[in-house]
Amino acid sequence: MVHALGLLAILGLLAEEAAPPTLRLPAGARPMRQAVELAVDPNLEVFSGSIEIDLEVREPSRILWLNAAGLRVTSASLGPAGDLGPAEVVPGGDDFVGFSTGSPLAPGPARLRASFEGRVSRRDNEGIFAVEEGDAWYVFTQFEAIAARRAFPCFDEPSYKIPWEVTLRVPHGTVALSNSPVVTTRADGERDAVRFAPTPPLPSYLVAFAVGPFELVDVGPSGRNRTPTRLAVPRGRGADTAWARESTPPILALLEDYFDRPYPYEKLDQVAIPGAGFAMEHPGLVTYGLTSMVQRPGEETIASRRDWAGTCAHELAHQWFGNLVTMAWWDDTWLSESFASWLGDKVTDRFRPGWGVATDRAADRSRALANDSVATARRIRQPIASKDDIVNAFDDVTYEKGQAVLEMLEAWLGEDAFRRGVRAYLDRHAGGHATAADFTAALSAATGREVTSVLGTFLDQTGAPVIAAEVRCDGVPRLLLSQRPYRALGSPAEPKAWKLPVCARVSGREAPVCTVLTGETGEIRLEGGPCPSWFYANSGAAGYFRPVQSAAESRRLLEGSHLTAVERVAVAGDLGALVASGDVAAGDVLGLVPLLARDPDRHVVAATAGILRDLDPLVPDALAPRFRHLVREAFGERALSLGWTARPGDGEDVRLLRRSVVGVTAGLGRDPDLAREAVARAGRWLDDPSTLDPDLVPAALAAAAGAGGRPLFERLKAEALKTDDREQRERLLWGLGGVRDPDLVRDALALLLDDRLDPRESIVVLWALAYERDTRRLAFEFLKANYEALVARLPHDEMSPVPYLPYVGVGLCAADTRREIEGFFAKRAATITGGPRILAQALERVDQCVALRQAQRASVSAHLESRPGS
Ligand SMILES: [Zn+2]
């Protein structure tokens with residue numbers, strides 16, 4: 001009886017083992033070391049390779065399961081290290097492959113060898129992929145999150161951190177790079193076998209290589225260990241790397257200072273990938289988009305220089321946070337991404353204090369709060385139940401909300417104490433893994449405060465609170481506080497509460513006054529002071545919440561010059577959000593626009609333009625001329641005085657202010673004088689690019705395309721098709737997205753299906769047209785009519801724009817369009833990894849817009865009707 005039951009149990013076990021895992025690999029075996037040898041030729045669309053994995057088997061199992069996707073395993077052997085026998089390959093569906101010798105693997109050390117073949121993608125930027133630049137092909141890898149399995153069978157989960165020994169067999173004389181330095185290069189027929197030093201322990205998603213005729217630019221030694229540092233760019237572009245060369249060493253040094261630890265790897269190569277819109281932090285081999293790293297002298301923009309520095313700081317921050325200490329599983333993706341975003345911006349601010357990074361952050365925080373206002377948002381620490389969840393984990397919530405929450409924590413705990421906690425965390429977990437609990441434990445220990453429950457209320461639930469505050473001066477003056485969940489109109493109400501640090505600025509006091517609000521209400525006692533005449537409930541705008549303020553209260557604070565630039569940017573963002581929640585009337589906010597638009601700080605001006613863009617869908621067509629007039633009145637004087645022409649001696653802030661005010665006056669305000677001049681400017685720029693400030697080119701081309709008719713459209717189009725320069729093509733395509741005439745809009749949309757253009761580049765035309773009131777219907781109709789053809793051309797990797805396509809219809813802001821979007825996309829999204837959640841969010845955006853329009857349209861209309869006509 002006992003025996004029979006035991007046998008049944010074993011039979012059950014065998015049956016279970018024959019089925020591949022569904023998400024995670026079984027824990028019965030783990031890798032200790034993996035050698036990978038790959039034959040890769042950038043000119044070929046196939047590759048072949050072999051692996052050898054040293055294993056530790058903990059539980060006997062008949063099948064050893066690994067991750068593999070799109071690979072054909074041609075042979076395998078498995079067994080104790082000295083006694084490998086042939087292994088049968090067990091198919092495991094899309095993500096797994098099994099190996100079996102017929103009898104269970106005994107606990108203890110074992111070894112797997114396998115040979116396989118796979119494809120080099122020329123469409124997707126994941127796994128092993130190739131890109132053509134100039135007249136040559138280059139091969140790159142992008143494995144995060146779950147695409148290492150496309151390059152070789154492996155334990156493709158971040159919890160397995162092992163040394164990797166990579167050997168690449170490449171065409172003779174071709175540059176081959178990987179995470180660690182080259183040990184030997186051996187000629188082998190027409191190929192070179194390039195062997196790299198074993199890496200420190202790394203998860204599979206951080207393994208990387210690049211192969212092609214790169215130009216290698218020596219940056220020299222950088223950092224405390226004088227790490228050899230280089231840039232790898234396509235042939236002929238070495239001269240365009242001045243900014244990357246100049247900025248990398250100081251950024252690395254600032255990060256080392258923050259951590260008080262040297263850069264943890266042996267070398268640092270930064271590699272440019274043509275056509276990529278992302279960057280990736282692989283140890284020793286950080287990858288960036290080509291147009292981010294490389295700028296031709298004279299074409300550099302302020303934005304491109306700043307974006308590069310910010311991206312570089314983010315990726316290099318990962319070398320400690322993510323690479324040296326790695327999350328144990330994808331539910332803690334935020335731990336490395338939020339932190340890298342947070343420290344990346346902090347270090348960029350130190351690198352160039354004049355850039356106003358902290359003021360930019362106020363706008364970014366407001367955007368994070370807006371993205372977090374849908375009930376379908378992810379939590380920062382969202383449980384991972386499927387592949388969809390892994391792909392969805394790399395979203396705004398992980399990056400932007402996570403960063404904002406860390407900023408709040410740092411402001412609450414103090415900069416020094418927070419840094420002590422970070423350093424203690426790294427000391428404790430260097431080389432290994434850690435979880436959110438490890439991080440908050442280190443912060444709590446370093447600061448003596450209970451961090452876990454405060455952070456937990458932000459990690460484990462969506463959304464953010466609104467804080468109402470009022471002064472009471474009967475007895476000791478105090479600030480009475482209360483919290484409730486922020487709810488945008490059109491989204492469901494959900495009961496939630498936060499434990500949150502609140503710091504207010506109060507008249508007559510230098511330092512902010514703070515408390516941790518743990519219940520629905522609380523107070524800050526203002527001992528020893530008079531009754532304050534004003535206060536602002538979010539000092540430095542560091543809190544991840546919205547203070548509720550009426551338009552009149554905001555006006556008093558703004559007119560009284562009580563707020564810093566950071567706080568004024570936050571107020572502008574909050575006003576927009578309070579319109580969306582129905583707490584403030586849209587018409588009252590329109591009444592504040594002239595005051596905000598006059599602000600001396602360019603960030604406030606840009607945030608004000610943002611409010612108007614958000615309110616644009618609420619404006620009835622009949623009142624659109626008055627709305628445009630309002631825009632021109634608010635920004636036009638400054639726009640016309642700054643004009644399209646940069647003056648010698650203009651500082652970067654003036655140039656960026658010009659870009660904002662001229663952009664919004666010409667775009668949303670449709671200023672006819674600016675448009676006419678833009679057409680002339682665009683024509684001159686096509687002949688001679690030096691005639692226009694590079695920072696103004698996108699706004700000028702868009703305004704010109706909207707007003708320039710067919711002749712200019714044809715010129716821009718011909719130029720976009722002709723040029724072999726990616727940066728130039730990018731500018732021209734953005735410009736072509738500025739057309740308004742329906743015939744031209746149709747012709748512009750046709751470019752998305754034009755084989756002469758890379759759809760990864762031409763997709764910007766669709767986004768630009770979906771954004772504008774006059775063209776979004778045509779953009780949506782085009783998408784529906786050509787969806788399958790477009791999707792076949794676009795990449796299907798984890799950074800693919802395909803799951804986001806439902807957003808093309810969101811700006812239409814109508815209940816019947818919602819049904820249209822849902823009807824068209826529901827089945828299609830279900831077949832795309834990560835698609836269902838993104839569709840649900842897009843649909844909720846429509847709900848919000850429809851409800852907002854219903855609630856606030858009368859207020860907008862009344863305000864516009866009270867104004868002079870256009
Ligand atoms: Zn990152």
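Everything numeric here is computed off the predicted structure, so don't read it as measured data.

Trainee: Would you take a moment to explain the sheet that holds strand 22 (residues 465–472) for this structure?
Mentor: Strand-to-strand pairing in sheets goes through backbone hydrogen bonds, with the strands running parallel or antiparallel. With mixed pairing, the four strands of this open sheet are ordered in space as 26-23-22-28. Edge positions in the sheet fall to strand 26 (521–525) and strand 28 (546–547), since each has one partner strand and no second. When strand 23 (residues 478–485) meets strand 26, the two strands line up antiparallel, connected through five bridges. The residue bridging Leu481 from the neighbouring strand is Gly522, located in strand 26.

Trainee: Got a minute to help me understand the coordination of the zinc ion in this structure?
Mentor: Geometrically, a metal with four donors at the corners of a regular tetrahedron has ideal angles of 109.5 degrees, and one with six donors at the corners of a regular octahedron has ideal angles of 90 or 180 degrees. Taken together, His314 (NE2), His318 (NE2) and Glu337 (OE) make up the protein donors of the zinc ion, found 2.0 to 2.1 Å from the metal. Here the donor residues for the zinc ion map to a single chain with the spacing H-x3-H-x18-E. Each member of the pair, His314 together with His318, is buried.

Trainee: Before we go on, may I ask you to explain the packing of helix 5 (residues 333–351) against helix 6 (residues 357–371) in this structure?
Mentor: To characterise two packed helices, one gives the angle between the axes of the helices and the distance between these axes. As a packed pair, helix 5 and helix 6 sit with axes 9 Å apart at the nearest point and diverge in direction by 150°. Regarding the angle of helix 5 to helix 6, the classification is roughly antiparallel. In contact with Asp345, Thr348 and Asp349 of helix 5, helix 6 contributes Val357, Ala358 and Arg361. In terms of residue class, the contact of helix 5 with helix 6 is built from two nonpolar, one polar and three charged.

Trainee: Which parts of the structure should I look at to understand the pairing of strand 13 (residues 182–188)?
Mentor: Looking along a regular strand, one sees the side chains alternate between the two faces of the sheet. Inspection of the sheet shows strand 13 paired to strand 14 (residues 191–196) by six bridges, in the antiparallel sense. Of the residues in strand 14, the one forming a bridge with Arg186 is Ala193. Remark: two residues form the turn of the hairpin made by strand 13 and strand 14, two consecutive strands paired antiparallel; Gly189 in that turn has positive phi of roughly 65°.

Trainee: Mind showing me how you'd approach the packing of aromatic side chains here?
Mentor: The relation between two aromatic rings is expressed through the spacing of the ring centres and the mutual angle of the planes. As enumerated under the stated definition, the model contains 29 aromatic pairs in all. Where Phe143 meets Phe152, the ring centres are 5.7 Å apart and the plane angle is 90°; that geometry is what we call edge-to-face. In this structure Phe143 comes out as buried when scored by relative accessible area, which is 0%. When the ring centre of Trp243 is taken as origin, the NZ or CZ atom of Arg305, which lies over that ring, is 3.9 Å away. Positioned above the aromatic ring of Phe351 is the side chain of Arg352, whose terminal nitrogen or guanidinium carbon lies 4.1 Å from the ring centre.

Trainee: Mind showing me how you'd approach the sheet that holds strand 19 (residues 285–289) here?
Mentor: The strand order 16-17-18-19 describes an open sheet built from four strands, whose pairing is mixed. For this open sheet the edge positions go to strand 16 (215–222) and strand 19, each flanked by a neighbour on one side alone. Ignoring which end each strand starts from, the neighbouring axes of this sheet average 20° apart. Relative to strand 16, helix 2 (residues 242–259) is tilted by about 35°, and along the sheet it contacts strand 16, strand 17 (227–233) and strand 18 (268–273). Sheet strands in contact with helix 4 (residues 302–317) are strand 18 and strand 19, and its direction is about 150° off that of strand 19.

Trainee: Where do I start with the state of the cysteines in this structure?
Mentor: Should the sulfur atoms of two cysteines be covalently bonded, the bond is a disulfide. One pass over the full model with this rule turns up three disulfides. Bridging Cys473 to Cys531, the disulfide has an S-S length of 1.8 Å. Here the S-S torsion is close to 90°, and the disulfide linking Cys473 with Cys531 is therefore right-handed. Here the residue Cys473 occupies a position in the loop between strand 22 and strand 23, and Cys531 occupies one in the loop between strand 26 and strand 27 (535–536), the gap between them amounting to 58 residues. Between the sulfur atoms of Cys813 and its disulfide partner Cys849 the distance amounts to 2.1 Å. Given an S-S torsion of about -105°, the disulfide between Cys813 and Cys849 has left-handed geometry. Separated by 36 residues along the polypeptide, Cys813 in the loop between helix 24 (776–793) and helix 25 (815–830) and Cys849 in helix 26 (residues 835–865) bring together distant segments of the chain. This pair shows no difference in class: Cys813 is buried, exactly as Cys849 is. If the cysteines joined by disulfides in the protein chain are listed in sequence order, their pairing comes out as 1-4, 2-3, 5-6.

Trainee: What am I meant to see in the pattern of salt bridges here?
Mentor: One side chain can pair with another of opposite charge once the charged atoms of both are near each other. A complete count under the given rule lists 85 salt bridges for this structure. The salt bridge partner of Glu415 is Arg350, with a shortest N-O separation of 2.9 Å. Of this pair, Glu415 sits in helix 9 (residues 415–429) while Arg350 is found in helix 5, placing the two residues 65 residues apart along the sequence. Residue Glu415 is classed as partly exposed on the basis of its relative accessible area of 37%. One network of salt bridges, in which partners are shared, links Asp345, Arg361, Asp364, Arg365, Arg367, Glu400 and Glu407.

Trainee: Is there a simple way to explain helix 23 (residues 759–771) in this structure?
Mentor: Each α-helix winds once per 3.6 residues, and so residues spaced three or four apart point in a common direction. In a regular helix each residue adds 1.5 Å, so 13 residues correspond to 18 Å; helix 23 covers 19 Å between its end C-alpha atoms and thus fits that length. By the criterion of burial, helix 23 is predominantly enclosed, with ten of the 13 residues buried. Of the residues making up helix 23, those classed as buried are Pro759, Glu761, Ser762, Ile763, Val764, Val765, Leu766, Ala768, Leu769 and Ala770. Looking at the packing, one finds that the buried side of helix 23 touches helix 21 (726–736), helix 22 (742–750) and helix 24.

Trainee: Explain unusual backbone geometry here, please?
Mentor: Most peptide bonds take the trans form, and the phi angle of most residues other than glycine is negative. Here the amide bond leading from Glu144 into Ala145 is cis, since omega sits at 5°, within 30 degrees of zero. Residue placement: Ala145 occurs in the loop between strand 10 (136–142) and strand 11 (164–171). A positive phi angle, close to 50°, is found at Arg226, a residue other than glycine. Note on placement: Arg226 falls in the loop between strand 16 and strand 17. Classification of Arg226 by relative accessible area gives exposed; the value is 59%. For Arg670, which is not a glycine, the phi torsion comes out positive at approximately 50°.

Parameters at a glance
- Residues numbered from 1 in each chain as written.
- Predicted model: local features only at pLDDT ≥ 70, side-chain atom pairs only at ≥ 80, totals over all residues.
- Heavy atoms only, no water.
- Pairing = 2+ DSSP bridges.
- Helix = DSSP H or I, 4+ residues; strand = E, 2+ residues; numbered from the N terminus.
- Donors = N, O, S within 2.8 Å, 3.2 Å for Na, K, Ca; no water.
- Buried < 20%, exposed > 50% of the residue type's maximum accessible area, 1.4 Å probe, protein only.
- Axes fitted to C-alpha atoms, helices over the stretch in contact; angles between N-to-C directions.
- Parallel < 35°, antiparallel > 145°, perpendicular 65-115°, else oblique.
- Contact = heavy atoms within 4.5 Å.
- Nonpolar A, V, L, I, M, F, W, Y, C, P; charged D, E, K, R; others polar.
- Phe/Tyr/Trp six-rings, centres within 6.5 Å; stacked < 30°, edge-to-face > 60°.
- Lys NZ or Arg CZ within 6 Å of the ring centre and 35° of its normal.
- Disulfide = S-S within 2.5 Å.
- Salt bridge = Lys/Arg side-chain N within 4 Å of Asp/Glu carboxyl O.
- Expected span 1.5 Å × (residues − 1).

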